[in-house]
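Take a look at the letters that make up each chain.
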Amino acid sequence: MATYTLPELPYDYAALEPVINPQIIELHHDKHHAAYVKGANDTLEQLEEARDKEAWGAINGLQKNLAFHLSGHILHSIYWHNMTGEGGGEPHAADGVGDLADAITESFGSYAGFKSQLTKAAATTQGSGWGVLAYEPVSGKLIVEQVYDHQGNVGQGSVPILVFDAWEHAFYLQYKNQKVDFIEAMWQVVNWQDVAKRYAAAKERVNVLLLAP
Ligand SMILES: [Fe+2]
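Residues numbered from 1 in each chain as written. Predicted model: local features only at pLDDT ≥ 70, side-chain atom pairs only at ≥ 80, totals over all residues. Heavy atoms only, no water.

All right, on to the domain arrangement of the protein chain then. Annotation of the protein chain at the domain level lists domain 1 (22-81) and domain 2 (93-204). Facing the 17 residues of domain 1 at the interface are 20 residues of domain 2. Buried area between domain 1 and domain 2, summed over both chains or domains, comes out near 1,600 Å², and the portion from carbon and sulfur atoms is 69%. Interface area lost by domain 1 to domain 2 is led by Ile 24, Leu 75 and Tyr 79, which between them contribute 39%. Linking domain 1 with domain 2 are zero salt bridges, by the criterion used here. Here domain 1 is connected to domain 2 by six residue pairs in polar contact (both at pLDDT 80 or more). Counting only elements with at least two residues in the side of domain 1 that touches domain 2, the list comes to helix H1 (22-53) and helix H2 (59-82). With eleven residues, H2 is the largest single contributor of residues to the side of domain 1 that touches domain 2. Grouping the amino acids of the side of domain 1 that touches domain 2 by side-chain chemistry returns eight nonpolar, eight polar and one charged. (Domains from an automatic or database assignment. Contact = heavy atoms within 4.5 Å. Buried area = accessible area lost by both parts, 1.4 Å probe. Salt bridge = Lys/Arg side-chain N within 4 Å of Asp/Glu carboxyl O. Polar contact = N/O pair within 3.5 Å; in protein donor to acceptor, adjacent residues only side chain to side chain. Helix = DSSP H or I, 4+ residues; strand = E, 2+ residues; numbered from the N terminus. Nonpolar A, V, L, I, M, F, W, Y, C, P; charged D, E, K, R; others polar.)

And the structure:
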């Protein structure tokens, strides 16, 4: 029995047009995300085998593969739900996402400042990576992270609530080498209801790190 399974898309392949075309969504979910799920499961099996045989020659590669594939699976699972064809705009209290809107202003000074930072963080990734808005439980504030691959350059314990995939597979078939254009277009499909739900859930888990009594 596999530990991880590929989640269904919450919409059809064409739901995010014209920001993301159906061919990208199909390949991205059915091939790329599926490969991370398989990679995570395969790596867990290989680690089990290593424990059984006490054969640790490949331990460094296996631990790296586990971090890579598992983080890829988790980020993509969030990514699909972070987007909707009826999304975009700014989060407003009138839409029931006032707590999130207040947290963004408090954490970044202004919505414009936040938007600018996340856009830049995603659009300037070197090689493959992500721009991420995360809840940081020690400060109780939101931070932006520029993630290398799927797992590098992140603070331990932070919870991703809005993720922008900046890998070439996320945009190249439609935007070619114009990564900045793709990231700027992404703001039109942000599902603020989903981001607000993730923010509320992350805040609920505030004491999970037990850094304070
Ligand atoms: Fe991706």
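Once you've had a look at it, read on.
Counting residues in each nonpolar core, the largest one holds 55 residues, and the members touching the most others are Ile 20, Tyr 79, Phe 114, Leu 142 and Trp 192. Of all the elements, helix H4 (residues 111-123) adds the most residues to this core, at six residues. For this core, the domains that each give at least three residues are domain 1 (22-81) and domain 2 (93-204). (Core = buried A, V, L, I, M, F, W, Y, C linked by side-chain atoms within 4.5 Å. Buried < 20%, exposed > 50% of the residue type's maximum accessible area, 1.4 Å probe, protein only.)

Right, let's talk about the UniProt feature "domain: Manganese/iron superoxide dismutase N-terminal" (unreviewed entry) in the protein chain for a bit. Look at the UniProt record and you will see "domain: Manganese/iron superoxide dismutase N-terminal" (unreviewed entry) annotated at residues 3-84. Taken end to end, residues 3-84 comprises 68% helix and 0% strand; its first and last C-alpha atoms sit 28 Å apart. (UniProt positions renumbered as here; feature names shortened; annotations may be inferred.)

On to the coordination of the iron ion. Within the protein, the atoms that donate to the iron ion are His 28 (NE2), His 76 (NE2), Asp 165 (OD) and His 169 (NE2), at distances of 1.9 to 2.1 Å. Considering all four donor atoms around the iron ion, angles at the metal cover 89 to 136 degrees and the coordination shape is irregular. When the donor residues of the iron ion are listed from N- to C-terminus, their spacing reads H-x47-H-x88-D-x3-H. Residue His 28 is located in helix H1, and its partner His 169 is located in the loop between strand E3 (159-165) and helix H5 (172-175); the two are separated by 141 residues in the primary sequence. (Donors = N, O, S within 2.8 Å, 3.2 Å for Na, K, Ca; no water. Tetrahedral: all angles 85-135°; square planar, octahedral: opposite > 155°, others 65-115°.)

Packed helices, taken two at a time, are described by the angle between their axes plus the distance between the axes. Direction vectors running N to C along H2 and helix H7 (residues 192-204) enclose 130 degrees, while the axes themselves pass 8 Å from each other. Considering the angle they form, H2 stands oblique to H7. Contacts between H2 and H7 pair Ser 77, Ile 78, His 81 and Asn 82 from the former with Asp 194, Val 195 and Arg 198 from the latter. For the contact of H2 with H7, a count of residues per class yields two nonpolar, three polar and two charged. (Axes fitted to C-alpha atoms, helices over the stretch in contact; angles between N-to-C directions. Parallel < 35°, antiparallel > 145°, perpendicular 65-115°, else oblique.)

Our focus in this paragraph is the UniProt feature "domain: Manganese/iron superoxide dismutase C-terminal" (unreviewed entry) in the protein chain. Residues given the UniProt feature "domain: Manganese/iron superoxide dismutase C-terminal" (unreviewed entry) here are residues 98-198. Each end of residues 98-198 is marked by a C-alpha atom, and these two atoms are 13 Å apart; helix forms 43% of the span and strand 23%.

Examined against the element boundaries, Val 159 turns out to sit in strand E3. As a C-alpha pair, Val 159 and Tyr 135 span 24 residues in sequence and 5.1 Å in three-dimensional space.

With that out of the way, let us pick up the sheet that holds E3. Across the sheet, three strands lie side by side as E2-E1-E3; this open sheet has antiparallel pairing. The two strands at the open ends of the sheet, each matched to only one other strand, are strand E2 (141-148) and E3. Between one strand axis and the next, the sheet turns by 25 degrees as a mean value, whatever way the strands run. With six bridges connecting them, strand E1 (residues 129-136) and E3 associate as antiparallel partners. By the bridge assignment, Ala 134 is partnered in E3 with Pro 160. (Pairing = 2+ DSSP bridges.)

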